[in-house]
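Structural characterization, general
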Amino acid sequence: MKYLILFVLPLLIMSADYETQKYDVVLKENTFEIRYYPPVIKAKVLSENGSNKNFMKLFKYISGNNSNNEKIAMTTPVYLSNQDNTNAMEFVMPAKFNMENISKPNDEKIKIYESKAGHYASVRFGGWGNIKKVKKYSNILYDKLNELDIKHIGSPYFVSYNSPYKVFNRRNEVMVKIEYNTNPQ
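Computed from a predicted model, the values in this text were never measured in an experiment.

Glancing now at the overall build of the chain. Looking only at helices and strands, the chain has three helices and eleven strands in total. Relative to its full complement of 185 residues, the chain shows a buried share of 37%. Contacts spanning at least 24 positions in sequence make up 70% of the contacts within the chain whose residues lie at least 6 apart. Split by element, the accessible area of the chain, about 11500 Å² in all, is 54% carbon and sulfur.

Glancing now at the environment of V26. Secondary-structure assignment places V26 in strand 2 (residues 24-29). C-alpha of V26 to C-alpha of A121: the two residues are 95 residues apart in sequence and 9.7 Å apart in space. Apart from residues lying up to four places away in sequence, V26 is in contact with I34, R35, Y36, H119 and Y180.

It is worth spelling out helix 2 (residues 54-62) at this point. Within helix 2 the residues assigned to the buried category are N54, L58, Y61 and I62. For helix 2, the angular spread of buried residues about the axis comes to 90°, placing them on one side. In the stretch just after helix 2, G64 is the one whose phi turns positive, near 125°.

Evaluated as defined, the whole model comprises seven aromatic pairs. On the numbers, 5.8 Å between centres and 15° between planes, the contact of F55 with F59 is stacked. In this pair, F55 and F59 are both assigned in helix 2, four residues apart and thus about one turn of the helix distant. Directly above the ring of Y79 sits K42, whose terminal nitrogen or CZ lies 3.7 Å from the centroid.

Using the criterion set out here, one finds ten salt bridges in the structure. In this structure, the salt-bridge partner of D107 is K57, at a minimum N-O distance of 3.4 Å. Taken together, the residues D107 in the loop between strand 7 (86-92) and strand 8 (110-114) and K57 in helix 2 connect sequence positions 50 residues apart. Given a relative accessible area of 23%, K57 falls into the partly exposed group. In this structure, R171 engages E173 in a salt bridge whose closest nitrogen and oxygen atoms are separated by 2.8 Å. Per residue, the accessibility class of R171 equals that of E173, and both read buried. In this structure, a network of salt bridges that share partners links the residues K28, E33, R35, R124, R171 and E173.

A word on the layout of surface pockets. The volume enclosed by the second largest pocket comes to roughly 370 Å³. Along the wall of the second largest pocket there are 20 residues; nearest its centre are K44, S81, Q83, E90 and Y157. Of all the elements in the fold, those that place two or more residues in the lining of the second largest pocket are strand 4 (41-48), strand 6 (78-83), strand 7, strand 8 and strand 10 (152-160). No other element matches the five residues that strand 10 contributes to the lining of the second largest pocket. A breakdown of the residues in the lining of the second largest pocket according to their chemical character gives seven nonpolar, seven polar and six charged.

Overall, the prediction assigns the chain a mean pLDDT of 89, with 88% of residues at 70 or greater. Low pLDDT, under 50, characterises residues 1-15; the stretch is placed with seven contacts to residues that sit more than four places away or in other chains.

Our next topic: the pairing of strand 4. Two elements, strand 4 and strand 8, share five bridges in a ladder whose sense is antiparallel. The partner of A43 across the bridge, within strand 8, is I112. As judged from the seven bridges shared by strand 4 and strand 7, these two strands associate in the antiparallel manner. Each residue of the ladder has a partner; that of V45, found in strand 7, is M89.

Calculation rules
- Residues numbered from 1 in each chain as written.
- Predicted model: local features only at pLDDT ≥ 70, side-chain atom pairs only at ≥ 80, totals over all residues.
- Heavy atoms only, no water.
- Helix = DSSP H or I, 4+ residues; strand = E, 2+ residues; numbered from the N terminus.
- Buried < 20%, exposed > 50% of the residue type's maximum accessible area, 1.4 Å probe, protein only.
- Contact = heavy atoms within 4.5 Å.
- Areas by Shrake-Rupley, 256 points an atom, 1.4 Å probe, with all protein chains shown as cover.
- Arc of directions from axis to C-beta.
- Phe/Tyr/Trp six-rings, centres within 6.5 Å; stacked < 30°, edge-to-face > 60°.
- Lys NZ or Arg CZ within 6 Å of the ring centre and 35° of its normal.
- Salt bridge = Lys/Arg side-chain N within 4 Å of Asp/Glu carboxyl O.
- 1 Å grid on protein atoms, 1.4 Å probe; cavity = no way out; pocket = protein on both sides within 12 Å on 5 of 7 lines; lining within 4 Å.
- Points joined across faces, edges and corners; volume = space filled by probe spheres on them.
- Nonpolar A, V, L, I, M, F, W, Y, C, P; charged D, E, K, R; others polar.
- pLDDT = per-residue confidence, 0-100.
- Pairing = 2+ DSSP bridges.

Quick look at the structure:
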């Protein structure tokens, strides 16, 4: 029975509905979207390539390894990026938090910050994300931005909306910040 609980409990927890980061869709064409994101509080951790401890560090933080021993609800999406041999993972904090009321991490490698408002372009895809898919959909994203003559800023993010235990109807995206004028002259 103990092993059944250890197996089933994480499945139930990770299959719950989560608060999702808010955004406004500015343009939609099939799986391509341009969105406006308002500021949000995020928790971010960096590591060297090859390390996959980022998730556990962030999960421990939201599980109570913080200044208030506070449990913080899991949200979606989870942002992943890789640049200059550094992996980054970011959790979006629930909307009720701001820089004044968010618990401080006990782990000094976790940084809490408020993202800046901005426009992002994304391409959605299903299944499991991997390096090959991220590259494929990043190329599709860049091709669409070039077609629309929209400049991207920085490197893309791989964005996942589902727990590792969800098998069907998975939602993944490749996103990049863009320069976008909502009032063209």
